[in-house]
Every structure is written in structure tokens, then in C-alpha cells.
Amino acid sequence: MTQHVSGIAASDGIAQAKAYMLVEPDLTVEKTTVSDTDNEKQRLTKAIDEAKEQLGKIRSIAAESLGEEEAQVFDAHVMVLSDPDLIDQANAVINDEKTNAEYAFKQVTDTFISMFEAMEDNAYMQERAADIRDVRKRVLARLLNVTLPSPATIDKEVIIVAEDLTPSDTAQLNKQYVKAFVTNIGGRTSHSAIMARSLEIPAIVGTKNITELVSEGDQLIVDGLEGDVYINPSEEEQDRYQNKADEFDTLRKEWDRLKDEPSLTKDGKHVELAANIGTPKDLEGVKNNGGEAVGLYRTEFLYMDSTELPSEDEQYESYKQVLEGMDNKPVVVRTMDIGGDKELPYLELPKEMNPFLGYRAIRVSLDQDSIFRTQLRALLRASVHGTLRIMFPMIATLQEFRDAKAILDEERANLENDGVDISDSIQVGIMIEIPAAAVLADQFAKEVDFFSIGTNDLIQYTMAADRMNEQVSYLYQPYNPSILRLVKNVIDAAHKEGKWAGMCGEMAGDQTAVPILLGLGLDEFSMSATSILKTRSLLKTLDSVEMAELAEKAVTDCSTSEEVVELVESYLNK
Ligand code: PEP
Ligand code: MG
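Residues numbered from 1 in each chain as written. Chains lettered and ligands numbered in written order. Predicted model: local features only at pLDDT ≥ 70, side-chain atom pairs only at ≥ 80, totals over all residues. Heavy atoms only, no water.

1. Description of the coordination of the magnesium ion (ligand 2)
For step 1, the next point in the chain: Donor atoms from the polypeptide that coordinate the magnesium ion (ligand 2) comprise Glu433 (OE) and Asp457 (OD), at 2.0 Å from the metal. You can see glutamate 433 sitting in the loop between strand S13 (427-432) and helix H17 (435-439) and its partner aspartate 457 sitting in helix H19 (residues 455-463), a full 24 residues away along the chain. Of the two residues, glutamate 433 and aspartate 457, both sit in the buried class. (Donors = N, O, S within 2.8 Å, 3.2 Å for Na, K, Ca; no water. Helix = DSSP H or I, 4+ residues; strand = E, 2+ residues; numbered from the N terminus. Buried < 20%, exposed > 50% of the residue type's maximum accessible area, 1.4 Å probe, protein only.)

Shown next, in the form of C-alpha cells:
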């Protein structure tokens, strides 16, 4: 019988395929006493050889489907398994303790891992510890006779089912075969969800227990429009969803025709529809979806995709590529936003009780200013290749903005002294993600060139509800009048000082929010590239003067999120 599970619709589209469980098997090891130690040593050698062979295969598949760079991690893994020290020491434990191979191997790798992890300020050693953890799983799985998932080798159409997907898991997914994903945890604004939208594959997150309900190979339907998953659906259901997928495709084709059109409302008002990107590779999506600008370049992926801090030149190349790729259209680059749910193994960020309220983003940049300066220099140097706007994340106080701006000015002066060419029209703005900044927007507006409202965080901080926690995901309420009032305050403050206000949180591409945001006077809407065309299509049906009246009602008369939704829907269905 079909089982139905619902979760949070995180990325549009409908997919049907078999489930691929990206779930770690139980690799618990028991210590047993053996009499035939030679046999245990042979078992270990065999398991290591097989793991190496398997890694070789994975490497070649990964190189083909994902590229040589992504595949190189597997070379490091083979190297670990070829280390004679590791094998000799494991054999010694088997001999000395007359114990089983899996126990000996676990014991020895534990020692290696603790040793490498103890060298806390050595990124290379930290990486080696991670490599050992990874290959150990492979060897133990062979010894225990269980199968490990390996997403890089997927070579037929599947839907991934997982507890959560880390950015590195997602980087290994080949879009040609991975048709959708469904996870236990996460919300609409968790990074796996954002990644799914940039990959343009349907995704459902926050189902709580999908990994318990689905088994490898089950047939699944994922409806990313509604947030529904069907496990082993009937033929009739499969047909029904095929029709729904076809209808969605037709709609997509209609939107596609708007690719080269300007974003105009029914009464001819232009607003800017921009895209959020994470890497220069995402530019293709921006172009395919008719993005008029990049409204948010999340530069932290540059840091996360690397095993050490990216150099000034490396960063310069990426920024230049994006600026040139956008042909003088504006590119808002956000300085590094590490911390929160985005960790950097080589930058020892402290483990915190409340990482979202802790040491992240501009707080790290101002504290470790040499990292910040490197990034700013790379940006300033790249500025001559297009229209650069620099944006600081997580600003809470004016002092933070002033300090960040002062460092930027210092680096500009240093570069100019060295005779480096820098654009003289770089706008410098801030993200409004913290209620304190939203409330004090009138003061900020006097000093910044622009605001970009980061509702993913602004909502979590206003509602005091962790954006990663699906237990409290009902509090992600973009239409709540409290949020709308903050947004209005920010837009009005910007306009009063002749500045512009944009939004780069997920709310900017939310079809129920767009009419209100238009009515509130938002100048720039920055969203997942895949939401641009449907938003352009919606804008064509909206009158900006009527929307101003609608927004006014929402902000002053409505007392709940539901009332706002009702108000917008009654207008849209009129
Ligand atoms: C936001 O907080 O709305 C935002 C766009 O930033 P991020 O999602 O990267 O935290
Ligand atoms: Mg944010």
C-alpha cells in the first residue's frame, strides 16, 4: 500500500524514481578473542585490498561524472590505506591481543585519528584525520559485510533519501541521475534546500523520519510543489503525478519565454529580479533564467570547498569570473558568512551552544581581520571587471559597519598606493538579518549605500526559532505582520535617504510574499535563479498602486500570518 509522508517543500518540481538510501549503516565493532590470528590478518589485508579496489572504481566514475578535481579526494583515501604503519600496527594488535581484525583496525585508526586531531592548528593533519575516518568506514564495512552508500558512483536515476545532506554530499551528486532528494531534517532556508534550488532538482526537507519509512529501491514520487512524498505508489498514482509533472513542464516552458524580457508590473513599474549564487558555476543558471543581476553571491562556498583558506589570487579569479560573466550587470558579493550551520574544518571555530547566535559572519571577519582583508583586497582588485557591490553579513550595530567599512577603506588605500586599479563606483551595503539593524534602519541608511534584507535569518531571529529545526519550522512565518513591519521599516528608511533596498532571503521569491513586497516598494528581489521567471510572470499581473494598498492593509490591519495569506489570495484570485 502506498505510504504518504509530508515535509517542507524546498525546491520545485516533480520526480519519480527509486530510492537511494544515503544512510550510514551500523558499523559497531565488538571485540572477540581468536585463536587463528593469521586468518584475521588475512581478512584485514583482503578487506583493505578490496576497499582500495572499490575506491579506484569510485574515483574513475567520479572523475567522469563530476570532474577530476572532485575525484582527487579518493586518491588521498587510497594513500591512507597504503600506509604500511597502519597495517603493521593493526597486525600487531591482532597478534598481541589475539583479537579480531575489525577490532584491531578500529583501535589503531582511533589512535591515528586522535593523534592527527590533536594537532589542532594544522589543517593538513585535520584533513588526514577526516580521510582516515572515511576510509575506515570502507574497510570496516567489508569486514562486517555491510554495504556503504557512495553517492559519487550513482549511475542510474534515483531519489536520494537521507537524514540531511551536507554541502560536500550535495557537491558529489550528479544532477543527471539524482532526480530529487528527501531528508529528515532541515527547513526551507537550510543550506541543503538552497542547494537543491540551485541544482534545480525537487527537494523535500524536514520529513522527520523518511529514512525509517523508505528502504533502498522503493519506488518514490516526490512532489516538490506541495511537499509530498509517496512510497511505493500505485500505477494510477504514478500516472497522475506524471500528468502533474507534464503540466508543470508546460508552465515552465511558458515562463521560459520571459527570459529576455524586463521585469515589469502590469502598470509598467520596473523592479530588479536578481539571483542568489554560491559559485561562479551558478552563473549559467542565472543566464538561463534571465537574472538581471546577482543580488547575493554567498562567498563562503569558496572557503568551504577548500582544505585551507583560499588565497587572494584564487578569490580574485572567482570574483572576476562572476563580474565578467554578468557583463556589467550588478553583482552583490557578500563577504564570508562562516559559522552558524556553515563550518570550516581548518578554521577552528569554537563549538558553541547556539552557533546561530554566536561567532559567525562579520563577527569572525572583524575578529580575524587578516582573513577579511584578503577577501576585501581580492574584491577591490576584481572591481574593475564589472559592477561590484560589497555587502557585509549579520550586521547588528553601526559600529560593526563602520569598522568593516574602515578596513575596506584601508585596503583600498593600500592597493592604490601600490598602483592597483580599483573601480570608484563600488557600492557598500549591509544585510539586514538582525532585528536590531532592522529597527535602527533609519540610522544605518545614512551611512550605507544599500540594504539587502536577509529574511532567512531575520525571521529566525525575530521569531527566536532556529531555521534548521523542523520542530519549530511553523515559526518561519514570512507573512507575519511583525516581519512585514520590519521589512517596511527597512524599505522606507532606505528610500528616505535616497538609497535602494533589496531582499535576498528566500521570501523574495515566495509567490505569496511578492505582491506585498512590491507594494512595500522593494527595489530588488534576489532569489534562487529558478524562481526568477515565475516571479517575472507573476509581476506582469500585478498593479503596483493596488499592491501598495494591499501591503498597507497587510501591515496595519492584519494580526496574523493567516490573515495576510487570505488577503493576498483573495486579491490574486479576484
Ligand atoms: C538570509 O539570511 O536571508 C540570507 C540570504 O543569508 P543565508 O541564507 O546565507 O544565511
Ligand atoms: Mg543569513
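2. Notes on the pattern of salt bridges
For step 1, the next point in the chain: Tallying each qualifying case throughout the model produces 34 salt bridges.
For step 2, the next point in the chain: As a salt-bridge pair, lysine 106 and aspartate 110 come within 3.0 Å of each other at their nearest N and O atoms. A residue pair is termed a helical-turn pair when its members lie 3 or 4 positions apart in one helix, as lysine 106 and aspartate 110 do in helix H5 (residues 101-118) at four residues.
For step 3, the next point in the chain: Classification of lysine 106 by relative accessible area gives partly exposed; the value is 27%. (Salt bridge = Lys/Arg side-chain N within 4 Å of Asp/Glu carboxyl O.)

3. Things to note about the packing of aromatic side chains
Aromatic ring pairs are reported here in terms of the distance separating the ring centres and the angle at which the planes meet.
For step 1, the next point in the chain: Applying the stated criterion to the full structure yields seven aromatic pairs.
For step 2, the next point in the chain: Judged by centre distance (6.4 Å) and plane angle (55°), the ring pair of phenylalanine 112 and phenylalanine 116 falls under tilted. Note that phenylalanine 112 and phenylalanine 116 are positioned in helix H5 at a spacing of four residues, about one turn of the helix.
For step 3, the next point in the chain: We classify phenylalanine 116 as buried; its relative accessible area is 7%.
For step 4, the next point in the chain: Measuring from ring centre to ring centre gives 6.1 Å for phenylalanine 248 and tryptophan 255, while their planes differ by 85°; the resulting arrangement is edge-to-face. With respect to burial, phenylalanine 248 and tryptophan 255 carry one shared label: buried.
For step 5, the next point in the chain: Following the ring pairs from residue to residue traces out a cluster consisting of Phe372, Phe392 and Phe401.
For step 6, the next point in the chain: The ring of tyrosine 316 carries arginine 381 above its face, with NZ or CZ at 4.4 Å from the centroid. (Phe/Tyr/Trp six-rings, centres within 6.5 Å; stacked < 30°, edge-to-face > 60°. Lys NZ or Arg CZ within 6 Å of the ring centre and 35° of its normal.)

4. Focus: the sheet that holds S13
Sheets are built from strands paired through backbone hydrogen bonds, the pairs being either parallel or antiparallel.
For step 1, the next point in the chain: Strand order in the closed barrel made by the eight strands is S9-S10-S11-S12-S13-S14-S15-S16, with parallel pairing throughout. Direction aside, neighbouring strands of the sheet carry axes that sit 25° apart on average.
For step 2, the next point in the chain: With four bridges joining them, strand S12 (residues 387-392) and S13 adopt parallel strand pairing. Among the inter-strand pairings, methionine 391 is bridged to a residue of S13, identified as glycine 429.
For step 3, the next point in the chain: Here helix H20 (residues 481-496) sits on the sheet and contacts S13, strand S14 (450-453) and strand S15 (500-503); the angle it forms with S14, its principal contact strand, is near 165°. (Pairing = 2+ DSSP bridges. Axes fitted to C-alpha atoms, helices over the stretch in contact; angles between N-to-C directions. Contact = heavy atoms within 4.5 Å.)

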